[in-house]
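Chain and residue survey
Letter by letter, the chains look like this.
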Amino acid sequence: MGSRAPEQGDRRYFHGDSFPPNEPVPVDAGEPRESHTSRDGDGRFEGVATGDDDDGDGDGEGEGGEVSPASPSTETAVAQKKRKRPNRKKPKKKGKGSLKQSSPPRVPVSQLFPSGLYPEGEVQIYDQVTARTTAAELRYNNRQRYWEDDTFLQNYRKAAEVHRQTRRWVQETAKPGQTLNDIAEGIEDSVRALLENAGLQPGEALKSGLGFPTGLCLNHQVAHYTPNPGQKPVVLQEQDVLTVDFGVHINGWIVDSAFTMAFDPTYDNLLAAVKDATNSGIKTAGVDVRISDVSAAIQEAMESYEVEIRGKTYPVKAVRNLCGHNIARYHIHGGKSIPFVRNRDQTKMEEGEVYAIETFGTTGRGIVVDDMGIYGYGLHHDAPLNVPVSLSSARRLHKTIRENFGTIVFCRRYLERLGVEKYLAGMNCLVANGIVEEYRPLMDIKGSCSAQFEHTFLLRETHKEVLSRGDDY
Ligand SMILES: [Co+2]
């Protein structure tokens, strides 16, 4: 989920975000990039088969085939036999070839990984280690370092695996002619099934579920569009560029990851630019690294590309007023922002922080503005428990939000599937009183195209763990 950079008098979009403190964004044209050695991928997603299968990312699991969890293959029997050996040598990470994910995904990941050990994310060793605490100090502080706790790590990796298996299904099945509503509900039903949590009883969706409203943006829509109940269906077209941004959380720790699909190869370079920009940002990030350095790497990569669309060449522009962000528990935006354009923010990244590095590139102006409609709502983290409003429907709605979402951003579809009706007056009252924040779709100029890629990673002691990495992006 994108984080909108606040402009003056535009603070309502953020949970205490700053970008960068009291400084205008310098509009540098991107310098020519000398080499593209870090460029990866070709920007296409269908049937990418380049990933190694032995890194435990579960990619062997989701490749089609409706296999019922109740019909294990012979390989399962072998794997199970292995597990019974007295020397207790567990089969590695996943019971490879045991159970397979169905299409649409409905097999809980706990059944695919019965050991409870989920694939580690991509490990990126820090380039430079500066001014690090000593190992002795780290050991001393160990009990406070929850991010090295095994339960924390396994839950985060599990959420990432749910993301990978769900998005694989989208990449394989999303086609022109489908409605965005079908795709969104397909994603959400999959996430809930894989987590084994329907999230219909009060408190359930706080344990695990969707991390924010599923974002499905077309073309000049850059971020924060989700289908709303009762609206005219939006049908995916052959020429569309579709960004898919969804989150999976367990215990409030959100995996925030996004990718872009196009059915016409015209847009390959746009997708490649944004993918490169995101990967360059991730590569640069690390403990003690300044946000300004991450932003500069992102912009340099992004703006080294151009894209030719129907005979006209466009530079790929980094969107100036959206940002990557850190993630705090139950807060998709933890308070630090990572712009995609050069800035002087000297804030350093710190060990234990979780970041969602996302970048958006566009053939438009590179500035987003509010579009019509609504994306979602989120409880202000500092909103009072007892709401000072007289409208009883607003007080009831506030209770429902607290019980089901807390500070997790949600959309109208998430609310209506709980059976909540006639909530708009109450919602408007909560928004007007500063208790609930509303989020609008964000767009660039009509006729432009945009793309997004995003990964969630954890800054550990000696390396980054890119939790959401897959063989697709
Ligand atoms: Co995000």
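Residues numbered from 1 in each chain as written. Predicted model: local features only at pLDDT ≥ 70, side-chain atom pairs only at ≥ 80, totals over all residues.

Let's shift gears to the environment of Ala-383. When you line up the elements, Ala-383 lands in the loop between strand 15 (376-379) and helix 9 (392-404). Given 18 C-beta atoms within 10 Å, Ala-383 falls into the partly exposed group. A C-alpha to C-alpha distance of 5.3 Å links Ala-383 and Ile-435, two positions 52 residues apart in sequence. (Helix = DSSP H or I, 4+ residues; strand = E, 2+ residues; numbered from the N terminus. Buried ≥ 20, exposed ≤ 12 C-beta atoms within 10 Å, placed from the backbone.)

Quick look at unusual backbone geometry now. With omega at 0°, the peptide bond leading from Ser-103 into Pro-104 counts as cis. With respect to the element layout, Pro-104 can be found in the loop between helix 1 (74-84) and helix 2 (109-112). Its identity is not glycine, yet His-224 carries a phi of approximately 65°, on the positive side. Looking at where His-224 falls in the secondary structure, it is placed in the loop between strand 5 (221-223) and strand 6 (241-250). On the neighbour-count criterion, His-224 (29 C-beta atoms within 10 Å) is buried. Positive phi, normally seen in glycine, also occurs at Arg-310, with a value near 45°. Along the chain, Arg-310 turns up in the loop between strand 8 (306-309) and strand 9 (312-315).

Turning to the UniProt feature "binding site: a divalent metal cation 1" (unreviewed entry) in the chain, a few remarks are in order. UniProt tags Asp-245, Asp-256 and Glu-454 as "binding site: a divalent metal cation 1" (unreviewed entry). These residues run over 210 residues, yet every pair of their C-alpha atoms falls within 8.1 Å of each other. Inspection of the secondary structure assignment puts Asp-245 in strand 6. If we skip the residues at most four places from it in the chain, Asp-245 touches Met-1, Gly-215, Ala-258, Gln-452 and Glu-454. Within the secondary structure, Glu-454 is located in strand 18 (residues 450-459). Setting aside anything within four residues of it in sequence, one finds Glu-454 in contact with Asp-245, Asp-256, Ser-257, Ala-258, Thr-278, Ala-356, Ile-357 and Glu-358. (UniProt positions renumbered as here; feature names shortened; annotations may be inferred. Contact = placed C-beta atoms within 7 Å.)

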